[in-house]
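# Survey of secondary and tertiary structure
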Amino acid sequence: MAKQVPQLEESLDNLEALVERMESGDMTLEESLRAFEEGVKLTRQCQQALSRAEQKVQILLEQDPDAEPAPFEAPDGQ
């Protein structure tokens, strides 16, 4: 899973940068269409990575019937 997390984070970072560029309004129609296509691709990559992670969590929970998922806390404890 260590490989998937950086892939997910990288895809999310790229998607965020792409959205910022698109929101700037400085792109031509053709550039916007290419950016939108890339955004769809990045979104699918993120969804696939999250789905794989969810499947792994489910497998781990099935291996230990006493385990229960718990929500993650923000780094500052909020």
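Counting from 1, residues in each chain are numbered in the order their sequence is written. For a predicted model such as this one, the threshold for reporting local features is a pLDDT of at least 70, and the threshold for listing and counting side-chain atom pairs is 80 or more; totals across whole chains, interfaces and linings nevertheless cover every residue. With hydrogens and water excluded, all non-hydrogen atoms of the structure serve as input to the side-chain values.

A few words on the overall build of the protein. In terms of helices and strands, the protein carries two helices and zero strands. Burial statistics for the protein: of 78 residues in total, 14% are counted as buried. In these tables, accessible area is a Shrake-Rupley quantity obtained with a 1.4 Å probe, and a residue counts as shielded only by the protein chains included in the view. Of the roughly 6700 Å² of accessible surface on the protein, a fraction of 54% belongs to carbon and sulfur atoms. Secondary structure elements follow DSSP: runs of H or I of four or more residues count as helices, runs of E of two or more count as strands, with numbering from the N terminus. Accessible area is worked out with a 1.4 Å probe on protein chains only. A residue is then buried under 20% of its type maximum, exposed over 50%, and partly exposed in between.

Let's shift gears to the environment of Lys41. Within the secondary structure, Lys41 is located in helix H2 (residues 29-63). Using a relative accessible area of 45% as the deciding quantity, one classes Lys41 as partly exposed. Residues Lys41 and Ser11, 30 residues apart in the sequence, show an inter-C-alpha distance of 9.4 Å.

Nonpolar side chains (Val, Leu, Ile, Met, Phe, Trp, Tyr) are joined into patches within 5 Å and like charges within 9 Å, using only residues with over 30% relative accessible area and no salt bridge. Salt-bridge detection follows one rule: a side-chain nitrogen of Lys or Arg within 4 Å of a carboxyl oxygen of Asp or Glu. By the counting rule applied here, Lys and Arg register as positive and Asp and Glu as negative, while His and the ends of each chain are not counted. A single reference atom marks each charge: NZ on Lys, CZ on Arg, CG on Asp, CD on Glu. Taken together, the side chains of Glu9, Glu10, Asp13, Glu16, Glu20 and Glu23 make up a negatively charged region of the molecular surface. Mapped onto the elements of the fold, Glu20 is located in helix H1 (residues 4-23).

One fewer than the residue count of a helix, multiplied by 1.5 Å, yields its expected span. In this model, H2 (35 residues) spans 51 Å end to end at C-alpha, consistent with the 51 Å of a helix rising 1.5 Å per residue. Residues of H2 that are buried include every one of Ala35, Gly39, Leu42, Cys46, Ala49 and Ala53, and no others.

Moving on, we get to the environment of Ala35. With respect to the helices and strands, Ala35 occurs in helix H2. For Ala35, a relative accessible area of 4% corresponds to the buried category. Distance from Ala35 to Val19, taken between C-alpha atoms, is 8.4 Å for residues 16 residues apart in sequence. Note on contacts: a residue pair qualifies if any of its non-hydrogen atoms lie within 4.5 Å across the two residues. Non-local contacts of Ala35, meaning those with residues more than four positions away in its chain, are made with Leu18, Met22 and Met27.

Looking now at the environment of Ala17. Mapped onto the fold, Ala17 is located in helix H1. For the pair Ala17 and Gly39, spaced 22 residues apart in the sequence, the C-alpha separation amounts to 9.9 Å.

To continue, consider the side chain of Ser11. Structurally, the position occupied by Ser11 is in helix H1. Side-chain atoms alone can form a polar contact between residues adjacent in sequence; in general such a contact is a pair of N or O atoms within 3.5 Å, and within protein one must be able to donate a hydrogen while the other accepts it. Engagement of the side chain of Ser11 in a polar contact is seen with the side chain of Gln45, the distance being 3.2 Å. Apart from residues no more than four positions distant in its own chain, Ser11 is found in contact with Leu42, Gln45 and Cys46.

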